[in-house]
Amino acid sequence: MIRNNLNSKLRIVIAGLLGIFFLAGILYLSPIVRLSVAIDQDIKQTMNLQNTHPIPFDRKMWLESGSGTKLYSKSIRQKMLNDLFTHYKLVGMTRQQLDELLGPGTGKWKPALEISYPLGSFGFFDDMWLAFEIKKGIVTKYIVTPD
């Protein structure tokens with residue numbers, strides 16, 4: 001009887017401690033989850049190029065803007081992407097045609113991608129890039145991606 005009573009009390013104490021640890025974990029992680037959601041929403045907004053108040057592509061402005069970033073601001077280059085993708089057939093261009101259109105890139109962005117262009121800020125921590133894969137002197141694909 002005493003042993004069963006001790007086991008019962010021990011179970012209650014263990015259950016209480018587990019409950020406390022569970023609540024402490026929730027309270028500890030709550031700000032992290034909120035920050036993660038805020039970052040995710042900022043990323044989605046940045047990647048949604050329709051909401052950046054698009055402007056027509058202008059080569060001179062593209063070259064002058066560089067990365068042109070401020071935290072949380074969209075660069076001129078990001079705002080030009082819709083028009084660039086709509087009016088220029090980038091896949092199939094030669095490397096020379098790409099250089100004539102966008103200027104010299106910054107070099108390799110990732111091992112598989114030949115040339116990249118900075119586009120400006122991306123959320124809290126990263127910049128956005130327009131990167132191209134070039135095979136045998138021809139653009140085979142491009143991506144817009146954070147670094």
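Structure: above.
Read on for an overview of the structure. (Residues numbered from 1 in each chain as written. Predicted model: local features only at pLDDT ≥ 70, side-chain atom pairs only at ≥ 80, totals over all residues. Heavy atoms only, no water.)

### What about the pairing of strand β2 (residues 126-135)?
Just so we agree on the cut-off: Exposure categories follow from relative accessible area, calculated using a 1.4 Å probe and restricted to protein chains: below 20% of the type maximum is buried, above 50% is exposed, and the middle band is partly exposed. Helix and strand assignments follow DSSP, with helices taken as H or I runs no shorter than four residues and strands as E runs no shorter than two, numbered in order from the N terminus. Two strands are said to pair when DSSP picks up at least two bridges between them.
Burial runs high along β2: seven of the 10 residues are buried. Where β2 hands over to strand β3 (residues 138-146), the hairpin turn is made up of two residues, of which K136 adopts a positive phi near 55 degrees.

### Re the environment of G66
Our working definition: Residues count as neighbours in contact if any of their non-hydrogen atoms are within 4.5 Å of one another.
Residue placement: G66 occurs in the loop between α2 (59-65) and α3 (76-87). For G66, a relative accessible area of 24% puts it in the partly exposed group. C-alpha of G66 to C-alpha of Y117: the two residues are 51 residues apart in sequence and 8.4 Å apart in space. Leave out the neighbours within four places in its chain, and G66 touches R77 and P118.

### A short note on the packing of aromatic side chains
In this description, an aromatic ring pair is defined by two values, namely the gap between the centres and the angle between the planes. Cut-off, in case you're wondering: What counts as a ring pair is set by centres within 6.5 Å for rings of Phe, Tyr and Trp (its six-membered ring), and what kind of pair is set by the plane angle: stacked under 30 degrees, edge-to-face over 60, tilted for all other angles.
Overall, the coordinates contain six aromatic pairs when judged by the stated rule. With a centroid separation of 6.0 Å and an interplanar angle of 90 degrees, the aromatic rings of Y117 and F132 are classed as edge-to-face. Linking Y117 in strand β1 (residues 115-122) with F132 in strand β2, this pair joins segments that are 15 residues apart in sequence. Among the aromatic residues, ring-to-ring pairing joins F57, W62, F85, Y88, Y117, F132 and Y142 into one connected group.

### Side note on the pairing of β3
With eight bridges connecting them, β2 and β3 associate as antiparallel partners. Across the sheet, the residue bridging to A131 is I143, located in β3.

### Structural notes on the pattern of salt bridges
Stated formally: Whenever a carboxyl oxygen of Asp or Glu lies within 4 Å of a side-chain nitrogen of Lys or Arg, that contact is scored as a salt bridge.
Taken as a whole and judged by the stated rule, the model has three salt bridges. The salt bridge partner of D99 is R95, with a shortest N-O separation of 3.5 Å. Here D99 and its partner R95 are both found in helix α4 (residues 95-102), four residues apart, which amounts to about one turn of the helix. The class for R95 is partly exposed, based on a relative accessible area of 29%. Across the salt bridge formed by K135 and E133, the nearest N and O atoms sit 3.9 Å from each other. The exposure class of E133 is buried, given its relative accessible area of 12%.

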